[in-house]
There are 2 protein chains.
Amino acid sequence: MDAVWNAIRALSIRGAPAIGVAGAYGVVLGVQATRDRPVAAFLDHLHKVADRFRACRPTAVNLPASADRMEAVARGSGADSAEILLSLLLLEARKIHEEEQAACKAMARHGAKLIENGHGVLTHCNTGGLATAGKGTALGVVIEAHEQGKRIHVYADETRPLLQGARLTVLELMRAGVDVTLICDSAAARVMHEGRVNAVLVGADRIAANGDTANKIGTQGLALAAHAHDIPFYVVAPTSTIDPDLESGQGIPIEVRAPEEVTVLPGTGSGKNGIRTAPEGAQVYNPAFDVTPWRYIRAIVTEKGVLQPPFEDSICGVMRARHEEAT
Amino acid sequence: MDAVWNAIRALSIRGAPAIGVAGAYGVVLGVQATRDRPVAAFLDHLHKVADRFRACRPTAVNLPASADRMEAVARGSGADSAEILLSLLLLEARKIHEEEQAACKAMARHGAKLIENGHGVLTHCNTGGLATAGKGTALGVVIEAHEQGKRIHVYADETRPLLQGARLTVLELMRAGVDVTLICDSAAARVMHEGRVNAVLVGADRIAANGDTANKIGTQGLALAAHAHDIPFYVVAPTSTIDPDLESGQGIPIEVRAPEEVTVLPGTGSGKNGIRTAPEGAQVYNPAFDVTPWRYIRAIVTEKGVLQPPFEDSICGVMRARHEEAT
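Computed from a predicted model, the values in this text were never measured in an experiment. Note that residues are indexed from 1 along each chain, following the sequence as it is written. All chains are assigned letters beginning with A, and all ligands numbers beginning with 1, in the order in which they are written. Only residues with pLDDT of at least 70 get local features here, since the model is predicted, and only at 80 or more are side-chain atom pairs given and counted; chain-wide, interface and lining totals rely on the full set of residues. In computing side-chain values, all of the structure's heavy atoms are included and hydrogens and water are not.

## A look at the overall build of chain A
Labels follow the DSSP assignment, with helices taken as runs of H or I lasting at least four residues and strands as runs of E lasting at least two, numbered in each case from the N terminus. When you go through chain A residue by residue, the secondary structure sums to eleven helices and 14 strands. By its C-alpha atoms, chain A is 65 × 50 × 35 Å across when sized along the principal axes. Buried means the residue's accessible area, taken with a 1.4 Å probe over protein chains only, is under 20% of the maximum for its type, while exposed means over 50%, and partly exposed covers the values in between. Within the span of chain A, comprising 327 residues, buried residues form 60% of the whole. Only the protein chains shown count as covering a residue, and every accessible area follows the Shrake-Rupley method with a 1.4 Å probe. Accessible area of chain A: about 12,700 Å², with a carbon and sulfur share of 51%. Charge centroids of chain A, computed over 33 positive and 37 negative side chains, lie 4 Å from each other. In summary, the charge assignment counts Lys and Arg as positive and Asp and Glu as negative, without counting His or the chain termini. In this description, the location of a charge corresponds to atom NZ of lysine, CZ of arginine, CG of aspartate or CD of glutamate.

## A look at the relation of the copies chain A and chain B
Least squares is the method used to superpose the copies, on C-alpha atoms of residues holding a pLDDT of at least 70 in both. Each copy of the sequence occupies a distinct position, and chain A is placed on chain B by a rotation of 180° and an axial shift of 0.0 Å, giving an RMSD of 0.0 Å. With respect to symmetry, the two chain copies, as superposed, fit the operation of a two-fold axis. Whether two residues are in contact is decided by their heavy atoms: any pair within 4.5 Å suffices. The overlap is high: 100% of the interface residues of chain A also sit at the interface in chain B, so the same surface is used on both sides.

## Here's the deal with the side chain of S66 of chain A
All names here are of chain A. The topology assignment puts S66 in helix 4 (residues 62-77). Residue class for S66 comes out buried when judged on its relative accessible area of 6%. In contact with S66, other than residues within four places in its own chain, are G20, V21, A24 and I96.

## Observations concerning the packing of aromatic side chains
Note on ring pairs: Phe, Tyr and Trp rings are taken, using the six-membered ring of Trp, and paired if centres are within 6.5 Å. Classes follow the plane angle, with under 30 degrees stacked, over 60 edge-to-face and the rest tilted. Scanning all chains against the criterion turns up zero aromatic pairs over all chains. Positioned over the ring face of W5 of chain A is R52 of chain A, at 4.4 Å from the centre of the ring. Two limits define a charge over a ring: the Lys NZ or Arg CZ must be within 6 Å of the ring centre, and within 35 degrees of the ring normal. If you follow R196 of chain A out to its NZ or CZ, it ends over the ring of Y285 of chain B, 4.0 Å from the centre.

## Let's talk about the interface of chain A and chain B
Contacts between chain A and chain B engage 57 residues on the former and 57 residues on the latter. Accessible area that two parts lose when put together, with a 1.4 Å probe and added across both, is what the buried area reports. Summed over both sides, the interface between chain A and chain B buries roughly 4,300 Å², with carbon and sulfur atoms accounting for 65% of that surface. Area buried by chain A at its contact with chain B is led by R190, I275 and Y285 of chain A, which between them contribute 17% of it. Salt bridges are defined by distance alone: a side-chain nitrogen of Lys or Arg within 4 Å of a carboxyl oxygen of Asp or Glu. If you look at where chain A meets chain B, you find two salt bridges. Between R160 of chain B and E158 of chain A there is a salt bridge whose closest N-O contact spans 2.6 Å. Two N or O atoms form a polar contact when they lie within 3.5 Å of each other; inside protein one atom must be a possible hydrogen donor and the other a possible acceptor, and for residues adjacent in sequence the pair counts only when both atoms belong to side chains. Connecting chain A to chain B are 15 residue pairs in polar contact (both at pLDDT 80 or more). Counting residues per element, the ones that place at least two in the side of chain A that touches chain B are helix 7 (164-176), strand 3 (179-183), helix 8 (188-193), helix 9 (219-228), helix 10 (260-263), strand 11 (283-284) and strand 12 (289-292) of chain A. Residue type decides the class: Asp, Glu, Lys and Arg count as charged, Ala, Val, Leu, Ile, Met, Phe, Trp, Tyr, Cys and Pro as nonpolar, and the leftover types, Gly among them, as polar. Of the residues in the side of chain A that touches chain B, the class split is 31 nonpolar, 15 polar and eleven charged.

## Looking at the nonpolar core
Membership of the largest hydrophobic core comes to 70 residues, with the highest contact counts inside it found for I115, L173 and L201 of chain A together with I115, L173 and L201 of chain B. Every residue in contact with L201 of chain B, bar those within four places of it in the chain, is listed here: I115, V121, L122, T123, H124, A138, V141, V142, Y234 and V236 of chain B. Formed by 66 residues, the second largest nonpolar core is a distinct cluster that contains I300 of chain A together with Y155, A189 and M319 of chain B. Take the buried residues of types Ala, Val, Leu, Ile, Met, Phe, Trp, Tyr and Cys, join any two whose side-chain atoms come within 4.5 Å, and each joined set is a nonpolar core.

## Things to note about the side chain of N62 of chain B
Within the secondary structure, N62 of chain B sits in helix 4 (residues 62-77). Taking the relative accessible area as the measure of exposure, N62 of chain B reaches 4% and is therefore buried.

## Describing the pattern of salt bridges
Throughout the structure, instances matching the rule amount to 40 salt bridges over all chains. In this structure, K135 of chain B engages E144 of chain B in a salt bridge whose closest nitrogen and oxygen atoms are separated by 3.1 Å. Among the residues examined, K135 of chain B registers a relative accessible area of 26% and is labelled partly exposed. With its nearest N and O atoms 2.8 Å apart, the salt bridge here joins R257 of chain B to E255 of chain B. Residue R257 of chain B is classed as buried on the basis of its relative accessible area of 16%. On the accessibility criterion, E255 of chain B (9% relative accessible area) is buried. What emerges from the salt-bridge pattern is a single network uniting D51, R54, D68, E71 and R75 of chain A.

## Things to note about the sheet that holds strand 3 (residues 179-183) of chain B
Any two strands with at least two DSSP-identified bridges between them are counted as paired. Taken in spatial order, the eight strands line up as 11(A)-3(B)-2(B)-1(B)-4(B)-7(B)-13(B)-14(B) in an open sheet, and their pairing is mixed. One side of each edge strand has no neighbouring strand; the edge strands of this open sheet are strand 11 of chain A together with strand 14 (305-307) of chain B. As paired strands, strand 11 of chain A and strand 3 of chain B are joined by two bridges and run parallel to one another. Residue V284 of chain A lies in a different strand from strand 3 of chain B, and its bridge partner there is L182 of chain B. For every element, the axis is a line fit to its C-alpha atoms; helices are fit only across the contacting stretch, and the angle between N-to-C directions ranges from 0 to 180 degrees. Of the strands in this sheet, strand 7 (233-236), strand 13 (299-302) and strand 14 of chain B are in contact with helix 5 (residues 82-112) of chain B, which crosses strand 13 of chain B at around 140°. Of the strands in this sheet, strand 1 (120-123), strand 2 (153-157), strand 4 (199-202) and strand 7 of chain B are in contact with helix 6 (residues 138-147) of chain B, which crosses strand 4 of chain B at around 130°.

## Concerning the sheet that holds strand 4 (residues 199-202) of chain A
Reading across the sheet, the eight strands line up as 14(A)-13(A)-7(A)-4(A)-1(A)-2(A)-3(A)-11(B) and stay open at both edges, with mixed pairing between neighbours. A single partner strand is all that each edge strand has here, and the edge strands are strand 14 (305-307) of chain A together with strand 11 (283-284) of chain B. Alignment of strand 1 (residues 120-123) of chain A against strand 2 (residues 153-157) of chain A, held across four bridges, turns out to be parallel. Residue pairing for strand 2 of chain A: V121 of chain A is matched across the bridge by V154 of chain A.

## Digging into the environment of A24 of chain B
All names here are of chain B. In this structure, A24 sits in helix 2 (residues 16-31). Expressed as a C-alpha distance, the spacing of A24 and L89, which sit 65 residues apart in the sequence, is 8.3 Å. Discounting residues that sit within four places of it in the chain, A24 has contacts with S66, M70, A93 and I96.

## Quick notes on helix 1 (residues 2-9) of chain A
Residues and elements named next belong to chain A. Taken as a whole, helix 1 has its buried residues at V4, W5, A7 and I8. Viewed along the axis of helix 1, the buried residues span an arc of 165°, placing them on a single side of the element. Residues of helix 1 that are buried make contact with helix 2 (16-31), helix 3 (39-54) and helix 4. Where helix 1 terminates, the next one or two residues include L11, which has phi positive at roughly 70°. It is the directions from the helix axis to the C-beta atoms whose arc is reported.

## Observations regarding the state of the cysteines
The term disulfide is used for any two cysteine sulfur atoms that are within 2.5 Å. Inspection of every chain in the model, using the stated rule, returns zero disulfides over all chains. Among the cysteines around C104 of chain B, which has no disulfide bond, C125 of chain B carries the closest sulfur, lying 15 Å off. Here C125 of chain B is not disulfide-linked; the sulfur of C184 of chain A is the nearest cysteine sulfur, at 12 Å.

## Quick word on unusual backbone geometry
Residues and elements named next belong to chain B. The linkage connecting R160 with the following residue, P161, adopts the cis geometry, with an omega of 5°. Examined against the element boundaries, P161 turns out to sit in the loop between strand 2 and helix 7 (164-176). Residues other than glycine seldom take positive phi values, yet D230 does so here, at roughly 55°. One can find D230 in the loop between helix 9 (219-228) and strand 7. On the basis of relative accessibility, which here comes to 61%, the residue D230 falls in the exposed class.

Encoded structure:
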């Protein structure tokens, strides 16, 4: 369990859907050793393990939501042995995994309709197979459109400080055979100004009931630039990323990460030292996410379909349907 | 001369005012060896040298404007020996240098009135003593306000790809005793959203007659974010950066620089290798500047005073005054 928890904390596993799935399996690993204890003791321990995962990273809702769901399944089962509870938890983790895989496929299908042949698409951070349990959210849409034979050119923001765009998105798209050009985050507005972009596609870490969307730092600025250039800005995320209990984005906790992510670029390979990019002693503010107000979002692509504004209504509808399916 | 030219090209000397001054001295160095030639041959050679500097970097107007001015002084002097022409050119280079120093002082004085005690100020790239011939443009304003006893907190964008903000601005402000916090470029909109910023101050590389302003890549996105948050966005630049012959920013040539600036972070010190930040073979688009439309600029701070929109009128007025002074 510690290995999974640490991997999520250190971003070895990252991306809202991926950490939701990993967290569910992590809960299973965390309670395995108590399979021979009485049910009450097992449930107590399960609660502590779930709590640890809920607190691992604050912004993406998928992680606490997964932990909640795992705990609820165990508590609601009425099973009379820890062994059975453990089996139920493993089944539930697999179910979360499969749901996220299926959601990726469905989002890709719905989202690809928004992308036309010849389109330039700008994206931020990494939202592909390395961030999800399937082919991806925003990147899944791009790859699906490409596989449908549409000619697409992607502009990938490098995504400082951790360069998920440069390191992961460019790699995934090159491997998929999609035309991709890497740009600095700060070049996005210029690239839009030059008429190279027909749509902006991003993922999400948490979506409030009104559509306000937390995503990787830089997303809000992209949305403002897209708005100024009248370019549609789409969020692609499974309904598991929606947090209907939050009225607006104001309530979303924003993770602030270590200064060294900004001031030191880690070396790769053995014996390679990192490179400092700022003077010793420099103060740094490193919020890992920002919140894009709903009014800058043209639509939210989910596995249940494409949600249109006003999002209060469309999100409420889709969450009700999801709830009814589950019960 | 080659040393100066190469230093400008490689950005060892950078910042629009600084390269204007360096270019003027570079022209002097370039024609020194022909001081014993006939006047006509000297002027021919001067034209070639000036042309080299005009072509060294395209976006900042200060460099070609300096070269033009040096050539005009020589041609208009009527001097009958190359030796005298050379002396006149050196005097003119010193005059450009002194004018830029004086302009920094005057801009700082005018601009500091816009900054209040307790203000948060966001800036981009480097616009201090390392980019100008004096205390700086935008940074000169900040340091002047600080020296006047105003408590100011500066948020410095790191400014990818070459990190002038992280490496130079943070250093200059720390040395000047100004509170400064380094942020990723993509965090600027979030920092505004959190209410930390009362004004955005940037420099300029070329300002068209309508106020459209070319500056370091990322400036346009900042201006859009400032606009969305109703935060005043100020350009601080000497009138030498204004190009009254250009009707709008559309005519400003945008320098596109090497992909390696984005994909490799150079090592520092001996024996330290650079670190690749993107897969081998990745396509890169690396425009070094963008153009901020005049309507997002609250005011332009020059050495002649603070210009207000509509900038067609205020720029026209200040350039006429400048022209009358010069003749």
